[in-house]
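The residues making up each chain are set out below.
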Amino acid sequence: MKRIDTDADILRALGDLVALDPRLQSVRDRAGSVPLRRTAPGFASLVSIVIAQQVSRASANAIEARLTGLIDPLTPASILATGEDPLIAAGLSRAKQRTIVALTRAIIEDDLDLETLCAFEAEEAVARLTSIHGIGPWTAQVYLLVCAGHPDVFPAGDVALQAAVADALALPARPDAKRLTELAESWTPLRAVAARLFWAYYRQMKGGEAAPLP
C-alpha cells in the first residue's frame, strides 16, 4: 500500500484519478492547489480531529488553542493527571470530553498504540478506533488520511465533501454518507486523494477552508 507522504505523491495521484474518472479533470482545474494535509500520528493529532467534529474551522482552532494552553504537552498522561476540568474550561462539549477521556483510557489501560495503528489496513484500523466511545467513522477515516497517509479512505460523512461532490458532479441533491460512499467507490484505490481534491474544490466554491486539520 503506497502511502500519500509528499506533494509529489499528490500530483501523481491526481493524474491517476483523472484517468480513473475523466469528470474529475474539471474539478481539478477549478480546485487550484491540493494540499498534502499530513501531520504526525498520535494522541494530540487525534484529539485535534475530535475537536474539529461538527464545528467551524474557527471554533475548532479556538478550542484547541485554549486546550493546549491549559494542558501542555497534550498527552494521555496529562489528561489523566488533570482530569476533565481543562476540557470543560477549553469549551469542549460534554460529548467530546467523554470521547477524549475514553481515548485516554484506551491508550493507558488497553495499550492502544495510535502510531502502530497507522500501519493497519483501513478497515481494521477504523474498526479499532470506532470501538472507542465517541469516535465514529468520520474521525477514524480522517485520522488515517492525515496521520497515516492512507491512500484509500474517504470520510463520506463530511458535509463539505458532500456539498463539493454535489456541486462538481451536478447532482440533483447533496448525497448522504451512504450515497457518497457508493459514489467514491469509483475513485478506489485513491479515495483519500479524491477527498483532498474535493476539499480544495469546496474552498474555491465557498471561499473558505472546511477541510479537517491540519
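Structure: above.
Along every chain, residues carry numbers that run from 1 in the direction the sequence is written. Only residues with pLDDT of at least 70 get local features here, since the model is predicted, and only at 80 or more are side-chain atom pairs given and counted; chain-wide, interface and lining totals rely on the full set of residues. Only hydrogens and water are set aside; all other atoms, that is, all heavy atoms of the structure, feed into the side-chain values.

Caption draft 1: Summary view of the overall build of the chain. A count of helices and strands for the chain gives 13 helices and zero strands. Start at the N end of the chain and walk to the C end: the helices and strands fall as α-α-α-α-α-α-α-α-α-α-α-α-α. The principal-axis extents of the C-alpha atoms in the chain amount to approximately 55 × 35 × 30 Å. Three labels apply to residues, based on accessible area from a 1.4 Å probe with only protein chains included: buried if under 20% of the type maximum, exposed if over 50%, partly exposed otherwise in between. Counting every position in the chain, which comprises 214 residues, the buried fraction comes to 51%. Reported accessibility uses the Shrake-Rupley method at a 1.4 Å probe radius. Residues are deemed covered only where the shown protein chains occlude them. For the chain, the accessible area works out to roughly 9,600 Å², and carbon and sulfur atoms hold 53% of it. The secondary structure listing takes helices from DSSP runs of H or I that are at least 4 residues long and strands from runs of E that are at least 2 residues long, numbered from the N terminus.

Caption draft 2: View of the packing of aromatic side chains. Two rings belonging to Phe, Tyr or Trp (six-membered ring only in the last case) form a pair when the distance between their centres is within 6.5 Å. Interplanar angles under 30 degrees mark stacking, angles over 60 mark edge-to-face geometry, and anything in between is tilted. Under the defined criterion, the tally for this structure stands at two aromatic pairs. Residues Phe154 and Trp187 carry aromatic rings whose centres are separated by 5.8 Å and whose planes lie at 45 degrees to one another, so their mutual orientation is tilted. Here the residue Phe154 occupies a position in the loop between α10 (137-147) and α11 (159-168), and Trp187 occupies one in the loop between α12 (177-184) and α13 (191-206), the gap between them amounting to 33 residues. When the ring of Trp187 is compared with that of Phe198, the centres are 5.3 Å apart and the planes differ by 35 degrees; the resulting orientation is tilted. Separated by 11 residues along the polypeptide, Trp187 in the loop between α12 and α13 and Phe198 in helix α13 bring together distant segments of the chain.

Caption draft 3: Highlighting the layout of surface pockets. Of the grid points, spaced at 1 Å and generated over the protein atoms alone, those admitting a 1.4 Å probe that cannot get out make up cavities, while open sets with protein on both sides within 12 Å along at least five of seven lines make up pockets; any residue with an atom within 4 Å of a point is treated as lining. Grid points are joined across faces, edges and corners, and a volume is the space filled by probe spheres set on the points. What the largest pocket holds in volume is close to 430 Å³. Lining the largest pocket are 17 residues, and of these Ala52, Gln54, Trp138, Asp158 and Val159 sit closest to its centre. For the lining of the largest pocket, a count of residues per class yields nine nonpolar, five polar and three charged. Approximately 240 Å³ is the volume found for the second largest pocket. Secondary structure elements with two or more residues in the lining of the second largest pocket: α9 (122-130), α10 and α12. Among the elements that take part in the lining of the second largest pocket, α12 stands out by supplying four residues, more than any other. Of the residues that constitute the lining of the second largest pocket, the class distribution is 10 nonpolar, three polar and four charged. The nonpolar class holds Ala, Val, Leu, Ile, Met, Phe, Trp, Tyr, Cys and Pro. Asp, Glu, Lys and Arg form the charged class, and all remaining residues, Gly among them, are polar.

Caption draft 4: View of the side chain of Lys96. Tracing the backbone shows Lys96 in helix α7 (residues 94-109). Only four residue types enter the tally: Lys and Arg on the positive side, Asp and Glu on the negative side, with His and both chain ends excluded. Between Lys or Arg on one side and Asp or Glu on the other, a salt bridge is scored when a side-chain nitrogen of the former is within 4 Å of a carboxyl oxygen of the latter. At 10 Å, Glu64 is the nearest oppositely charged side chain to Lys96, a buried residue that forms no salt bridge. Setting aside its immediate chain neighbours within four residues, Lys96 contacts Val50, Ile51, Ala52, Gln53 and Val55. The contact criterion used throughout is that any non-hydrogen atoms of two residues lie within 4.5 Å.

Caption draft 5: The arrangement of the packing of α11 against α12 in detail. Note on geometry: axes are C-alpha line fits, over the in-contact stretch for helices, and angles between N-to-C directions span 0 to 180 degrees. Packing of α11 against α12 brings their axes to within 11 Å, and their N-to-C directions diverge by 60 degrees. Viewed along their axes, α11 and α12 adopt a mutual orientation that is oblique. Here α11 and α12 pass one another in a crossing that is left-handed. In this structure, α11 contributes Leu161, Gln162 and Val165 to the contact, and α12 contributes Ala177, Leu180 and Leu183. Of the residues assigned to the contact of α11 with α12, the class counts are five nonpolar, one polar and no charged. Our angle categories are set so that under 35 degrees counts as roughly parallel, over 145 as roughly antiparallel, 65 to 115 as roughly perpendicular, and the remainder as oblique. Two helices that cross are described as forming a left-handed crossing if the nearer one is turned anticlockwise from the farther one by less than a right angle, and a right-handed crossing if clockwise.

By themselves, these are just geometric observations and shouldn't be taken as functional.
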